[in-house]
Amino acid sequence: MNDYPPVKADLFPEKASSAIARVIRGAILDGSFEPGRPLREEELAKWLGLSRTPVREALLILENEGLVESVRNRGTRVARFDASELEELYSIRAVLEGYAARRAAETITDREIKLLEESCQRFEKLADEGKDLVALAEENFTFHTTIHEAARSARLKRMIGTVTAIPLIYRSYMTYSEENRAQAVADHRAILDALKRRDVAEAGRLMEGHVEWARDVAVAHLVKSDEDEAAEGRAGRDGSAD
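Residues numbered from 1 in each chain as written. Predicted model: local features only at pLDDT ≥ 70, side-chain atom pairs only at ≥ 80, totals over all residues. Heavy atoms only, no water.

(A) The overall build of the chain, seen in detail. When helices and strands are tallied, the chain shows nine helices and two strands. Reading the chain from its N terminus to its C terminus gives the helix and strand order α-α-α-β-β-α-α-α-α-α-α. Here the chain, with 242 residues, has 42% of them falling under the buried criterion. For the chain, the proportion of contacts with a sequence separation of at least 24, taken over those separated by at least 6, is 75%. Here the chain has roughly 12,900 Å² of accessible surface; of this, 49% comes from carbon and sulfur atoms. (Helix = DSSP H or I, 4+ residues; strand = E, 2+ residues; numbered from the N terminus. Buried < 20%, exposed > 50% of the residue type's maximum accessible area, 1.4 Å probe, protein only. Contact = heavy atoms within 4.5 Å. Areas by Shrake-Rupley, 256 points an atom, 1.4 Å probe, with all protein chains shown as cover.)

This is the structure in structure tokens:
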């Protein structure tokens, strides 16, 4: 129980299972709960100071999002994927989000344009500060979901959701360099500009390129993490042999 991050007592004004899902989701995204970590209902309930029932419901919510997985006879754990799976998920997401951006360019409202402008302002401020990377990732989610809403397709939105939450496990935003953050800011601005001009083809092209760029950053980070972990394992075995 000592490796659980602190939780504020006033975090649960909403439905308990939704609030618990939000807290656990945040722990996954900020790296407190790493891929493969077991998530035991009893321990989570003690950590959060709540009963096991809403914890169980919260884990089902996160399983539907693809952030956790149930393993037979082993319980629930934070989902983990290899580099090829992550690359595939991002590539599918690029196609879907490109289509969403093209649809949005035709149907987006002035109010949604304003929401995107405000999101870009917040995103740029967070990127410049480079301190609260969890908030940066959440603002990125706001930007993208606003475009999904503007596409006016519930089916498309659901499809994008199935391949969006999973890659976030690898927290590419948590490792973004200053250069990466600047690139993301520029991409968001360019996508917004295309949407303002109602340029269907350009909005789709820019969105696909943006997601493919994010894919390459995330996959490179995962590959490096795996290599570092393997190197540490070899070093440990060599040390024990001495």
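(B) Layout of the nonpolar core. One finds Leu 116, Ile 147, Ile 191 and Leu 195 to be the most contacted residues of the largest nonpolar core, which totals 37 residues. Of all the secondary structure elements, the ones that give two or more residues to this core are helix H4 (83–107), helix H5 (110–129), helix H6 (133–150), helix H8 (178–196) and helix H9 (200–241). Here the element with the most residues in this core is H9; it accounts for 10 residues. Among the nonpolar cores identified, the runner-up in size contains 21 residues, and Phe 33, Leu 44, Leu 59 and Leu 67 belong to it. (Core = buried A, V, L, I, M, F, W, Y, C linked by side-chain atoms within 4.5 Å.)

(C) Fine view of the side chain of Arg 215. Here Arg 215 is to be found in helix H9. Look past the residues within four positions of Arg 215 in its chain and what remains in contact with it is Glu 87, Tyr 90 and Ser 91.

(D) Here's a closer look at the environment of Ile 61. Within the secondary structure layout, Ile 61 lies in helix H3 (residues 52–65). Residue class for Ile 61 comes out partly exposed when judged on its relative accessible area of 29%. Sequence-wise, Ile 61 and Thr 146 are 85 residues apart; in three dimensions their C-alpha atoms are separated by 22 Å. Other than its neighbours up to four places away in sequence, Ile 61 contacts Ser 17, Ser 18, Ala 21 and Arg 25.

(E) Spatial organisation of H6. Here H6 is 18 residues long and its end C-alpha atoms lie 26 Å apart, about the 26 Å a rise of 1.5 Å per residue gives. Turning to H6, its buried residues number three or more, namely Leu 133, Ala 135, Leu 136, Ala 137, Glu 139, Asn 140, Phe 143, His 144, Thr 146, Ile 147, His 148 and Ala 150. The N-cap of H6, judged by a side-chain oxygen 3.0 Å from the amide nitrogen of Ala 135 a few residues on, is Asp 132. Arg 152 sits one or two positions beyond H6 and adopts a positive phi of about 60 degrees. (Expected span 1.5 Å × (residues − 1). Polar contact = N/O pair within 3.5 Å; in protein donor to acceptor, adjacent residues only side chain to side chain.)

(F) Up close: the pattern of salt bridges. One pass over the full model with this rule turns up 21 salt bridges. In this structure, the salt-bridge partner of Arg 56 is Glu 41, at a minimum N-O distance of 3.2 Å. Of the two residues, Arg 56 sits in helix H3 while Glu 41 sits in helix H2 (residues 41–48), which places them 15 residues apart along the sequence. Across the pair Arg 189 and Glu 124 runs a salt bridge whose closest N-O atoms are separated by 3.2 Å. In this pair, Arg 189 sits in helix H8 while Glu 124 sits in helix H5, placing the two residues 65 residues apart along the sequence. Looking at Arg 189, the relative accessible area reads 34%, which means it is partly exposed. Taken together, the shared-partner salt bridges connect Glu 41, Arg 52 and Arg 56 into one network. (Salt bridge = Lys/Arg side-chain N within 4 Å of Asp/Glu carboxyl O.)

(G) Highlighting the packing of H4 against helix H7 (residues 154–164). Put simply, H4 and H7 touch, their axes get as near as 9 Å, and they point 150 degrees apart. On the basis of the axis angle, H4 is roughly antiparallel to H7. Along this stretch, H4 crosses H7, giving a crossing that reads as left-handed. Between H4 and H7, the residues in contact are Leu 89, Ile 92, Arg 93, Leu 96, Glu 97, Tyr 99, Ala 100 and Arg 103 and Leu 156, Met 159, Ile 160, Val 163 and Thr 164, respectively. (Axes fitted to C-alpha atoms, helices over the stretch in contact; angles between N-to-C directions. Parallel < 35°, antiparallel > 145°, perpendicular 65-115°, else oblique. Left-handed = near helix turned anticlockwise from the far one by under 90°.)

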